Amino acid sequence: MAYVQIQSLVKSFGEAEIIHGVDLEIEKQEFTVFVGPSGCGKTTLLRLIAGLEEVSAGTIHIGGERVDHLPPAERGLAMVFQNYALYPHMSVFENMAFGLRIARVDKAEMRKRVQAAAEILQITELLERKPRQLSGGQRQRVAIGRAIVRQPKVFLFDEPLSNLDAKLRVQMRVELTRLHQALKATMVYVTHDQVEAMTMADKIVVLNKGHVEQIGRPLELYHAPRNLFVAGFIGSPAMNFLKGRIAGLSANGIAVALAGGGQALVRCRPDGKAVEGASVTLGLRPEALNANGPGDSTIAGKVRMVERLGGDTYIYLATADGSDITVHAPGDIVVAVGDPIPVRFSAEKAYLFDEAGEAFAR
Ligand code: ATP
């Protein structure tokens, strides 16, 4: 049995079912990220694990023990919130020690654990300060410290970095990954930010409208999204989608007649659903497109906007059928708004989805 095992989990608030039967396994020491758009149920799922919400149906096991009927304090978990939830009148030390004091851990042990956690988080010199005397990043460390001292079976993080500025967020991302390695802890982390998910996770759980769309390692989801939702959600900037119809099947792959004109060749297995004339969606990652470069298929477009980031350029093209596509190009590419440019891609780099949004096997 996996370390955390969630089976057929359902949660309703009144009449409204929010989590629709989620099955999920989390291994010991794994860093698992729940990611999905706002309102998809990721926080609710985390709160169900924590015991802050009651399950409507289904079970949760942690370390082989069924916990879904236990109160939060008896589940052996520690949760770190987005707003840090520090006590303003207590010092950093007292904030970190609070949970241990409630649990009647003896004073010497308490001091030892707080000191050790403070050292890991490099906040030893802040232990006597009050939360208002700390920066956002320091407060976040204290909140994490409070979880560490409890030596929980599982750490639960609810969007812990979303109140930090962009630069600090990147820094804390690295620190949390380092912390995960140092503590060898099991961590579950909620975010709506797919970049956080990609960079931190051992395993990503993509949620949408209260159900699991796909579970996998970050690059697994990037290279083999199961459906349109995952394809559009994982990867930044997002995958481009173009409508078309299957024009023919050959040993080289599936030929797609694009609604905006032109044909695209996609290397995927011509299984049962590859029927001539069937409506499909072609998926092309911005980084798979070559502006003025080589490829098996070509899409013609006109440059609508150019975004230069220094090392990279993003070109926004308007195609003949009015769809917009994003193209990743080198920083020094010569291109201007209004230019007509051909964009090419290789058949291996293209994705195909059927009318229901399910990916074709590759
Ligand atoms: P966000 O990224 O915006 O925090 P989320 O994916 O974490 O979103 P949840 O907070 O889990 O989403 O909410 C999922 C759905 O459940 C939403 O439609 C929300 O309105 C609803 N919901 C959450 N808590 C309650 C509650 N206590 N009572 C009623 N509905 C709730």
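Just so it is clear, the model here is predicted, and its values are computed rather than measured. (Residues numbered from 1 in each chain as written. Predicted model: local features only at pLDDT ≥ 70, side-chain atom pairs only at ≥ 80, totals over all residues.)

Strands sit in the order β15-β19-β16-β17-β18 across an open sheet of 5 strands; the sheet is antiparallel. Across the chains shown, the open sheet's two edge strands, defined by having one partner strand only, are β15 (290-291) and β18 (324-330). (Pairing = 2+ DSSP bridges. Helix = DSSP H or I, 4+ residues; strand = E, 2+ residues; numbered from the N terminus.)

The pLDDT averaged across the protein works out to 93; a share of 100% of its residues lies at or above 70. If you check the scores for this complex, the pTM reads 0.92 and the ipTM reads 0.96. (pLDDT = per-residue confidence, 0-100.)

On to the packing of helix α4 (residues 136-148) against helix α5 (residues 166-183), then. As a packed pair, α4 and α5 sit with axes 11 Å apart at the nearest point and diverge in direction by 20 degrees. When the interaxial angle is binned, α4 and α5 end up roughly parallel. Along this stretch, α4 crosses α5, giving a crossing that reads as right-handed. Between α4, through Gly136, Gly137, Gln140 and Ile148, and α5, the contact on the second element is made entirely by Leu168, Met172 and Leu183. Across the contact of α4 with α5, the residue classes tally to 4 nonpolar, 3 polar and no charged. (Axes fitted to C-alpha atoms, helices over the stretch in contact; angles between N-to-C directions. Parallel < 35°, antiparallel > 145°, perpendicular 65-115°, else oblique. Left-handed = near helix turned anticlockwise from the far one by under 90°. Contact = placed C-beta atoms within 7 Å. Nonpolar A, V, L, I, M, F, W, Y, C, P; charged D, E, K, R; others polar.)

Attention now moves to the site of the ligand. Around the ligand sit Phe13, Ile18, Gly36, Ser38, Gly39, Cys40, Gly41, Lys42, Thr43, Thr44 and His192, and that is every residue in its neighbourhood. For the shell around the ligand, the leading source of residues is helix α1 (residues 42-50), giving 3 residues. Class assignment for the residues of the shell around the ligand results in 3 nonpolar, 7 polar and 1 charged. (Near = placed C-beta within 6 Å.)

As a further point, take the pairing of strand β20 (residues 350-353). Of the two faces of β20, the one carrying Ala350 and Leu352 and the one carrying Tyr351 and Phe353 are both buried. As judged from the 4 bridges shared by strand β14 (residues 279-284) and β20, these two strands associate in the antiparallel manner. Bridging from a neighbouring strand, Leu284 pairs with Ala350 of β20. (Buried ≥ 20, exposed ≤ 12 C-beta atoms within 10 Å, placed from the backbone.)

Here the focus is the sheet that holds strand β7 (residues 154-158). Here 6 strands make up an open sheet; going across it, the order is β6-β7-β8-β3-β9-β10 and the pairing mixed. In this open sheet, the two strands that pair with only one neighbour each are β6 (77-80) and β10 (211-216). Pairwise comparison of adjacent strand axes, ignoring direction, gives a mean angle of 20 degrees for this sheet. With 5 bridges joining them, strand β3 (residues 31-35) and strand β8 (residues 186-191) adopt parallel strand pairing. Bridge pairing links Thr32 to Val188 in β8.

As annotated in UniProt, the feature "domain: ABC transporter" (unreviewed entry) corresponds to residues 4-234 in the numbering used here. Along residues 4-234 the backbone is 37% helical and 26% strand, and the end-to-end C-alpha distance reaches 24 Å. (UniProt positions renumbered as here; feature names shortened; annotations may be inferred.)

Checked against the element boundaries, Leu242 lands in strand β11 (residues 240-250). Under the C-beta neighbour-count criterion, Leu242 is labelled buried, with 21 such atoms within 10 Å. Here the alpha-carbon distance between Leu242 and Phe34, two residues 208 residues apart in the chain, equals 28 Å. Ignoring sequence-local partners within four residues, the contact set of Leu242 consists of Leu258, Gly260, Leu282 and Ser323.

In the sheet, strand β1 (residues 4-13) pairs with strand β4 (residues 57-62) via 5 bridges, with the strands oriented antiparallel. Residue Ile6 lies in a different strand from β4, and its bridge partner there is Ile60. Both β4 and strand β5 (residues 65-66) contribute to a ladder of 2 bridges, which runs antiparallel. Directly across from His61, in β5, lies its bridge partner Arg66. Following β4, the chain reverses through 2 residues before pairing antiparallel with β5; Gly63 in that reversal takes a positive phi of roughly 55 degrees.

In this model α5 runs 26 Å from its N-terminal to its C-terminal C-alpha over 18 residues, within 8% of the 26 Å that 1.5 Å per residue would give. Backbone geometry just downstream of α5 places Lys184 in the positive-phi region, at approximately 50 degrees. (Expected span 1.5 Å × (residues − 1).)

Taken domain by domain, the protein holds domain 1 (4-225) and domain 2 (240-353). Of note, the centres of domain 1 and domain 2, computed from C-alpha atoms alone, are 39 Å apart. (Domains from an automatic or database assignment.)

Membership of the largest hydrophobic core comes to 98 residues, with the highest contact counts inside it found for Leu156, Leu282 and Leu352. Composition of this core by domain shows at least three residues from each of domain 1 (4-225) and domain 2 (240-353). Those residues in contact with Leu156 that lie beyond four places of it in its chain are Leu46, Ile49, Ala50, Leu77, Ala78, Met79 and Val188. (Core = buried A, V, L, I, M, F, W, Y, C linked by C-beta atoms within 7 Å.)

Moving on: unusual backbone geometry. Here the residue pair Ser236 and Pro237 is connected by a cis peptide bond, since its omega of -5 degrees sits within 30 degrees of zero. Summarising the element assignment, Pro237 is placed in the loop between α8 (228-233) and β11. Positioned with a positive phi, Glu159 is a non-glycine residue whose angle comes to about 40 degrees. On the secondary structure map, Glu159 appears in the loop between β7 and α5.

Below, the discussion takes up α4. Here α4 contains 13 residues, and its C-alpha end-to-end distance of 18 Å stays within 8% of the 18 Å for a straight helix at 1.5 Å per residue. The buried fraction of α4 is high, at 10 of 13 residues. Against β6, α2 (92-102), α3 (107-121), β7 and α5 lie the buried residues of α4.

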